[in-house]
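Here is how the chains run, residue by residue.
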Amino acid sequence: GSIYVSKPLSTTSSPSGVTVGMEVLRYKPDGTLDTALGEEGHLSLVNAVQVVGAPTTTGWMYVLESVSDTSAPASSHLEVHRYSATTGQMDSGFKVAFTATSADASNNTFAVRRGVYGDDSVYVMQTLSSSVMVNGVTTNTSSVQVQRYTSLGALDSHFTLIVPNA
């Protein structure tokens, strides 16, 4: 099979020479670049924060991207998009949007993983923190919440896992 490589988008191919986003390359079994993916073998994802694992057996790549808010262009939120592992085309019918930001992803308080059963599900892990004051004493707690999104991008209401004191 093919070998996929994701790396930071090079400064020569991004606007204004700033390193942002990710680039995905696909290599054939003989080690040559497969030019069928993206443009000449380079799939440039300028808004990508994370390429989520290897392509699925059903032919999809999942990418966590930072998207500018239309109502407040200076702010952004995170969305998971799905791309064809064959051509690099985005599946316009699949999107999972979050209120989390790129800062949450880079501070490791928000992460996305692909399902382990090959069913194209997506798991989202988010650190939750809270403070409670009782009799003048503040107690800080944190936990990790894991939610599952189906292959259609819908929240699976039957699956939520909260790990306390994580």
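Higher on the page you've got the structure.
Just so we're clear, the structure is a prediction, and the values are computed from it rather than from any experiment. (Residues numbered from 1 in each chain as written. Predicted model: local features only at pLDDT ≥ 70, side-chain atom pairs only at ≥ 80, totals over all residues. Heavy atoms only, no water.)

Draft legend 1. Up close: the overall build of the protein chain. Looking only at helices and strands, the protein chain has one helix and eleven strands in total. Seen in sequence order, the protein chain has helices and strands lined up from the N terminus as β-β-β-β-β-β-β-α-β-β-β-β. Considering only contacts in the protein chain between residues 6 or more positions apart, those separated by 24 or more positions represent 31%. Surface accessibility of the protein chain: about 9,500 Å² in total, with carbon and sulfur atoms responsible for 54%. (Helix = DSSP H or I, 4+ residues; strand = E, 2+ residues; numbered from the N terminus. Contact = heavy atoms within 4.5 Å. Areas by Shrake-Rupley, 256 points an atom, 1.4 Å probe, with all protein chains shown as cover.)

Draft legend 2. Focus on the sheet that holds strand β2 (residues 22-27). Reading across from one edge, β1-β2-β3 is the order of the three strands in this open sheet, with antiparallel pairing throughout. On the outer flanks of this sheet lie β1 (3-8) and β3 (42-45), each paired with one strand and no other. Adjacent strand axes in the sheet meet at a mean angle of 20° when their direction is disregarded. (Pairing = 2+ DSSP bridges. Axes fitted to C-alpha atoms, helices over the stretch in contact; angles between N-to-C directions.)

Draft legend 3. Region of the structure containing the nonpolar core. Ranked by size, the top nonpolar core spans 15 residues in total, and within it Leu64, Leu78, Val80, Phe98, Phe110 and Val112 carry the most contacts. Breaking this core down by element, the ones donating at least two residues are β5 (60-68), β6 (76-84), β7 (90-97), β8 (110-114) and β9 (122-134). Judged by nonpolar contacts, the second largest core, of eleven residues, contains Val24, Met61, Val63 and Tyr83. (Core = buried A, V, L, I, M, F, W, Y, C linked by side-chain atoms within 4.5 Å. Buried < 20%, exposed > 50% of the residue type's maximum accessible area, 1.4 Å probe, protein only.)

Draft legend 4. How the structure looks around unusual backbone geometry. Phi is positive for glutamate 40, which is not a glycine, with a value near 55°. Tracing the chain through its elements places glutamate 40 in the loop between β2 and β3. For asparagine 135, which is not a glycine, the phi torsion comes out positive at approximately 50°. As for its position among the elements, asparagine 135 is in the loop between β9 and β10 (137-149).

Draft legend 5. Structural view of the environment of glycine 31. Tracing the backbone through its elements, the reader meets glycine 31 in the loop between β2 and β3. The class for glycine 31 is partly exposed, based on a relative accessible area of 49%. Distance in space between the C-alpha atoms of glycine 31 and isoleucine 3 is 8.5 Å, their sequence separation being 28 residues.

Draft legend 6. Local environment of the packing of aromatic side chains. Counted according to the given criterion, the structure contains three aromatic pairs. Note on tyrosine 62 and phenylalanine 94: the rings are 5.4 Å apart at their centroids and 75° apart in plane angle, and the pair reads as edge-to-face. Placement of tyrosine 62 in strand β5 and of phenylalanine 94 in strand β7 is noted, with a sequence separation of 32 residues between them. With 5.5 Å between their ring centres and 75° between their planes, tyrosine 123 and phenylalanine 159 make a pair best called edge-to-face. Here the residue tyrosine 123 occupies a position in strand β9, and phenylalanine 159 occupies one in strand β11 (residues 155-164), the gap between them amounting to 36 residues. A relative accessible area of 27% means that phenylalanine 159 is categorised as partly exposed. Seen from the ring of tryptophan 60, arginine 82 lies directly overhead, with NZ or CZ sitting 4.5 Å from the centre. (Phe/Tyr/Trp six-rings, centres within 6.5 Å; stacked < 30°, edge-to-face > 60°. Lys NZ or Arg CZ within 6 Å of the ring centre and 35° of its normal.)

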